[in-house]
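Structural features, examined
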Amino acid sequence: MAQSELILYVIKLVLGGVAAFTAILLWSKTGEASWMSIIAAIVINYGGTVYGLLVEMGILSVDKLKLGSLPLTSLIFTVLPPLFFILGFSIMISRIHSGK
């Protein structure tokens with residue numbers, strides 16, 4: 001791993017860690033489904049960053065479980081955060097339109 005890649009991973013880990021930590025703090029304060037979905041997206045996204053670093057460093061392998069030719073874990077960490085964001089924003093939009 002090049003030094004520039006390592007610096008980017010450190011930045012992603014620090015900022016993502018702060019975002020995940022504050023999201024978990026918010027998680028304990030709210031019970032709204034929309035916010036819970038957005039918080040889940042942030043936490044899963046941070047998990048994906050950690051997982052990607054572990055794969056890049058050779059600590060974990062991605063070739064264990066595959067869905068077709070795609071590694072299942074990489075697919076999960078790529079697809080789930082946007083799905084949770086979409087779900088959370090959709091719930092917020094539906095509440096605005098219903099007047100709640």
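Quick look at the structure, then. Per chain, residues are indexed from 1 in the order of the written sequence. Restriction of local features to residues with pLDDT of at least 70 applies here, the model being predicted, together with a cutoff of 80 or more for giving and counting side-chain atom pairs; totals for whole chains, interfaces and linings are based on all residues. With hydrogens and water excluded, all non-hydrogen atoms of the structure serve as input to the side-chain values.

For the chain, the helix and strand inventory stands at three helices and two strands. Each helix corresponds to a stretch of at least 4 residues labelled H or I by DSSP, and each strand to a stretch of at least 2 residues labelled E; elements are numbered beginning at the N terminus. Put simply, the chain runs from its N terminus to its C terminus through helices and strands in the order α-α-β-β-α. Throughout, the radius of gyration refers to the C-alpha atoms, and the reference size of a globule is 2.2 Å times the residue count to the power 0.38. The globule rule puts the C-alpha radius of gyration for 100 residues at 13 Å, and the 16 Å found for the chain is more than 25% above it. Taken along its principal axes, the extent of the C-alpha atoms in the chain is 50 × 35 × 20 Å. Type-normalised accessible area, obtained with a 1.4 Å probe on protein chains alone, sets the label of each residue: buried when under 20%, exposed when over 50%, and partly exposed for intermediate values. Sorting the 100 residues of the chain into buried and exposed places 20% on the buried side. The contact rule is simple, with two residues in contact once any of their heavy atoms fall within 4.5 Å. The long-range share in the chain, meaning contacts at least 24 apart out of those at least 6 apart in sequence, stands at 63%. Every accessible area reported is derived by Shrake-Rupley at a probe size of 1.4 Å, with residue values counting cover from the shown protein chains alone. Working note: accessible area of the chain is about 6900 Å², and carbon and sulfur atoms make up 72% of it. Across the chain, the centroid of the 6 positively charged side chains sits 13 Å from that of the 4 negatively charged ones. Here Asp and Glu are counted as negative and Lys and Arg as positive; His is not counted, and neither are the chain ends. Charged groups are reduced to one reference atom each: NZ for lysine, CZ for arginine, CG for aspartic acid, CD for glutamic acid.

In this section: the packing of helix α2 (residues 33–56) against helix α3 (residues 72–98). As a rule, the C-alpha atoms of each element are fitted with a line to give its axis, helices using only the stretch in contact, and angles between N-to-C directions run from 0 to 180 degrees. Between α2 and α3, the least distance of the axes is 8 Å, while the angle of their chain directions is 160°. As judged from the angle between their axes, α2 and α3 are roughly antiparallel. Along this stretch, α2 crosses α3, giving a crossing that reads as left-handed. Side-chain classes are defined by residue name, with Ala, Val, Leu, Ile, Met, Phe, Trp, Tyr, Cys and Pro counting as nonpolar, Asp, Glu, Lys and Arg as charged, and the others, Gly among them, as polar. Of the residues assigned to the contact of α2 with α3, the class counts are 17 nonpolar, eight polar and one charged. Here roughly perpendicular refers to angles of 65 to 115 degrees, roughly parallel to angles under 35, roughly antiparallel to angles over 145, and oblique to all remaining angles. Note: crossing handedness is left-handed where the near helix turns anticlockwise from the far helix by less than a right angle, and right-handed where it turns clockwise.

Here the expected span of a helix is defined as 1.5 Å times the quantity of residues minus one. Spanning 24 residues, α2 covers 34 Å between terminal C-alpha atoms, matching the ideal 34 Å at 1.5 Å per step. For α2, the complete set of buried residues consists of Ser-34, Ser-37, Ile-38, Ile-39, Ala-40, Ala-41, Ile-44, Gly-48, Thr-49, Tyr-51 and Leu-53. Looking at the buried positions of α2, the neighbouring elements they touch are α1 (3–29) and α3. Phi for Gly-58, located one or two positions after α2, is positive at around 85°.

Turning our attention to α3. Between its first and last C-alpha atoms α3 spans 38 Å; for 27 residues at 1.5 Å apiece the expected length is 39 Å, and the two agree. Residue Gly-99 follows α3 closely and has a positive phi angle near 85°.

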